[in-house]
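Summary of the model geometry
The chain contents come next:
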Amino acid sequence: MKILLDPGHGGKDPGAMNQDSGIQEKDIALSVVLKLAVLLRDAGHNALLTRDKDIYISPADRLKMINNFKPDAFISVHCNSSANSQAHGIETIYRDDYDFPLAQAVHKSLLANTEMTDRGIKNDIKELGRRLAVLGNLEVPACLVEIGFISNEGDLEKIDEEDEQQAIAEAITEGVKEWAS
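One structure accompanies this document, and this report is about it. Along each chain, residues carry numbers from 1 onward, in the same order as the chain's sequence is written. Local features are withheld for residues below a pLDDT of 70 in this predicted model, meaning they are given only at 70 or higher, and side-chain atom pairs are given and counted only at 80 or more; totals for whole chains, interfaces and linings count all residues. Excluded from the side-chain calculations are hydrogens and water; all other atoms, namely the structure's heavy atoms, are used.

What follows is about the packing of aromatic side chains. Under the pairing criterion, centres of Phe, Tyr and Trp rings, with the six-membered ring standing for Trp, must be within 6.5 Å; the plane angle then separates stacked pairs below 30 degrees from edge-to-face pairs above 60, leaving the rest tilted. For the structure shown, the criterion picks out 1 aromatic pair. Ring geometry for Y94 versus F100: centroids 5.2 Å apart, planes at 70 degrees, classification edge-to-face. Working definition: with a 1.4 Å probe on protein chains only, accessible area under 20% of the residue-type maximum means buried, over 50% means exposed, and in between means partly exposed. Owing to a relative accessible area of 29%, F100 belongs among the partly exposed residues under this scheme. By definition here, charges over rings are those cases where NZ of Lys or CZ of Arg is within 6 Å of the ring centre and within 35 degrees of the ring normal. The ring of Y56 carries K12 above its face, with NZ or CZ at 4.6 Å from the centroid.

Now the structure itself:
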C-alpha cells in the first residue's frame, strides 16, 4: 500500500510554537513522520513524504503531490495549540465519511498506545467549521492527526520526547494496519 505522509508546516512556516521553550510544530511533526515512515516501510508499505527536511511546501503543492503520487492513504501530522494552556490531548480530523474509517483506526490506536487525552475524531466542516487546506478535495482516504498541544506543558513534554514520538509513530502504524486489513 502506498501511503503519503505529511509532516505539517516546514521551512518559513513554523506552525505553532511553544512561547516558553521556542519549540516549533514543524520540527516535532517532521521527527514523528520520519519515524513513522520507517515503521510503515518495515511493515511492507510504500511510505512517501511530502517533505523529509525543514523546507516550506505550500498546501497547494501538497495537494499536487497527492494527485501525482496517487497514494492509497494520506496522513498529515500536526501539533495543536491554544490560548488556553490547559487544553491538551489528541484529535484526529477527517474530511468526509469516506475518510472516517482511517481516522477512526488511527485515533483508536493512538489512544490505546499513548497516555494522551482523547479530544475526539472531528469532521473539519461539522466540528471545526472550516475545510482544512491540506485535506482539500482529495480522492484518497485522508486524516490529519493533532498529536498533542504544543501550548500545553504536559503535552509538550511528551511529544517533544524521542520515546513518545516513537510510540506515536508506532500507534499510527498500528492504526494504518488495522484500517488496511
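So that's the structure; there's more coming.
What follows concerns the pairing of strand 6 (residues 142-149). Each helix corresponds to a stretch of at least 4 residues labelled H or I by DSSP, and each strand to a stretch of at least 2 residues labelled E; elements are numbered beginning at the N terminus. Among the 8 residues in strand 6, 8 count as buried, and that is most of the element. Both strand 3 (residues 73-80) and strand 6 contribute to a ladder of 6 bridges, which runs parallel. Paired with N80 across the two strands is F149, which belongs to strand 6. A strand pair is defined by DSSP finding two or more bridges across the two strands. In this sheet, strand 6 lies alongside strand 4 (residues 90-94) in antiparallel orientation, the contact comprising 4 bridges. Counterpart to Y94 in the pairing with strand 6 is C143.

What follows concerns helix 3 (residues 100-113). The length a helix should cover is 1.5 Å for every residue beyond the first. Here helix 3 contains 14 residues, and its C-alpha end-to-end distance of 20 Å stays within 8% of the 20 Å for a straight helix at 1.5 Å per residue. It only takes one pair of heavy atoms within 4.5 Å for two residues to be counted as in contact. On its buried side, helix 3 packs onto strand 3, strand 4, strand 5 (118-123), strand 6 and helix 5 (162-180).

Turning our eyes to something else, we now look at the state of the cysteines. Here, the term disulfide refers to a pair of cysteine sulfur atoms separated by no more than 2.5 Å. A full pass over the atoms with the stated rule returns 0 disulfides. Left unpaired, C79 is separated from the closest cysteine sulfur, that of C143, by 15 Å.

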